[in-house]
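# Per-entry structural report
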Amino acid sequence: MSDPVIAELRRVLPSERTLEDPDILDSYSHDEAEWAPHSRPLAVVRPGNAQEIQQIVRACLTHRTPIVPRGAGTGLSGGANAVEGAVVLSTERMTAIKEIDNTEQLAVVEPGVVNDHLRSACAEHGLWYPPDPASAPWSTIGGNVATNAGGLCCVKYGVTRDYVLGMQVVTGTGELVRLGRRTAKGVAGYDLAGLMVGSEGTLGIITEVTVRLRPTRPPERTIAGYFDSLADAGHAVAAIGAAGLIPSALELIDRHTLLAVDAWKKMGLSDDANVVLLARTDVPGAEGEQEAATISACFTESGASWAAISSDSQEAEALFAARRLAYPALERLGPVLTEDVCVPRACVPEMLTRIERIGQQHDITIANVAHAGDGNLHPLLIVPADDAPARRRAQRAFEEILDAAMDLGGTVTGEHGVGLLKRHGLTRELTEPVLAMHAAVKNALDPHGILNPGKVIAPCAP
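Each value, and the rule that gives it
- Residues numbered from 1 in each chain as written.
- Predicted model: local features only at pLDDT ≥ 70, side-chain atom pairs only at ≥ 80, totals over all residues.
- Heavy atoms only, no water.
- Axes fitted to C-alpha atoms, helices over the stretch in contact; angles between N-to-C directions.
- Helix = DSSP H or I, 4+ residues; strand = E, 2+ residues; numbered from the N terminus.
- Parallel < 35°, antiparallel > 145°, perpendicular 65-115°, else oblique.
- Left-handed = near helix turned anticlockwise from the far one by under 90°.
- Contact = heavy atoms within 4.5 Å.
- Nonpolar A, V, L, I, M, F, W, Y, C, P; charged D, E, K, R; others polar.
- Buried < 20%, exposed > 50% of the residue type's maximum accessible area, 1.4 Å probe, protein only.
- Patch = residues over 30% accessible without salt bridge, like charges linked within 9 Å, V, L, I, M, F, W, Y side chains within 5 Å.
- Areas by Shrake-Rupley, 256 points an atom, 1.4 Å probe, with all protein chains shown as cover.
- Salt bridge = Lys/Arg side-chain N within 4 Å of Asp/Glu carboxyl O.
- Pairing = 2+ DSSP bridges.

### Digging into the packing of helix H8 (residues 230-242) against helix H10 (residues 285-301)
Two numbers describe how H8 lies on H10: the axes approach to 8 Å, and their chain directions differ by 140°. The angle between H8 and H10 falls in the class oblique. With respect to the hand of their crossing, H8 and H10 are arranged in right-handed fashion. Taken together, the residues of H10 that come into contact with H8 (itself represented by Ala-236, Ala-239 and Ile-240) are Ile-295, Cys-298 and Phe-299. Partitioning the contact of H8 with H10 into residue classes produces 6 nonpolar, no polar and no charged.

### A closer look at the environment of Ile-205
Structurally, Ile-205 can be placed in strand E10 (residues 204-212). The exposure class assigned to Ile-205 is buried, which follows from its relative accessible area of 2%. Measuring from C-alpha to C-alpha, the distance between Ile-205 and His-235 comes to 42 Å, with 30 residues separating the pair along the chain. Among all residues touching Ile-205, those that are not within four sequence positions of it are Ile-53, Val-57, Ile-67, Pro-69, Leu-89, Gln-168, Val-169, Val-170 and Leu-451.

### Here we look at a nonpolar patch on the surface
A contiguous nonpolar surface patch, about 350 Å² in accessible area, is contributed by Tyr-190, Leu-192 and Leu-195. Tracing the chain through its elements places Tyr-190 in the loop between strand E9 (176-180) and helix H7 (192-196).

### A closer look at the sheet that holds strand E6 (residues 106-109)
Strand order across the open sheet formed by 5 strands is E5-E6-E10-E8-E9, with antiparallel pairing between neighbours. Two strands bound the open sheet, and with one partner strand each, they are strand E5 (97-101) and E9. Neighbouring strand axes in the sheet, compared pairwise and without regard to direction, differ in orientation by 15° on average. The pairing of E5 with E6 spans 4 bridges and is antiparallel.

Here it is, written out as structure tokens:
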């Protein structure tokens, strides 16, 4: 006999929208956070428009059934992981780019639009959508908004929140509402659209997003530096900041990652360096040439064994392709526990040193990639499969890295979100009065606690 909420979903939605096959349910039960807990959902629903999402929320509200929103499932914190008895709501069918407005420099999209697809569509209009997480070829705008995703360009151009003008949302009470605006300015009331950005589906389900665009930027110059140690690379990052430069990208890749990428893609990157820093500048003309030269000098003066401004665009693209391949390459070595701490740029050398020390103390391999230019570090803790003691050591190391970041004035998550993996870290970072403010907002917008329960903060009382 079908569960009452499934029966109602089948009544209010086209029949193909609701899935119950156990193998399909398992495939939708979790995101890419290897170590975050999850359960098989009760059902998966794949709505085709905002009105169907509203019907889903109302049906689940009637039966007090949890709803877990899901984009492409590329998250790394367990934010899209199903809980017991939940309905997973996938936005994969909602892929329309509804509008690209050249005059207002904005786009209106459904939440299932893939980041790179939006960027390609904007390029045809001479426009650019800057947020570019490493998962941009697969992750969706709805998921990017839910976690306030960053990426390689955010050091200069900001994160997702800086580009969200407005959105349409279904609240936890089943209301379909519009938040934000289309205009360049607007301060009418609280910034409720901004509140939704980074809320990980716990305050509302996004059905449409209006994003700000920029004109297409000039071609970039790439500067590469090879270093013998993480500390030296960290000093180069600090030196660039001290020089008052804001590169359009500044990425770090360590030897563990280079070896993993080489083993997979045979790129030969690990032959010459223990750590690679990749910088880009998109400043045009002579000023851009000077900025590239200054960045290269910062590399050399900080101990780079080799530094150069690339004159080969294909070579430059290959280097950045290696950065984007880091996570899938390392996954091939064993289960990966992914960190996402962010510290002040001046503290990057010390934070990298502490990460290295923590790995040694716990006998855990920690690979490092980073959006080094804004202090957002991604230590990747790798353990052999089915090695329970190593897994426990890695979990202790994970918590110590969070503590180290906060000790240096940083945060437990720069762009991946709290989800399930960072809830303990959140309670260490935020004070009790601030946590109470979070709970009050959650209770106001989702009074029955059905939206992504158990994520970010403690679930609401029923």
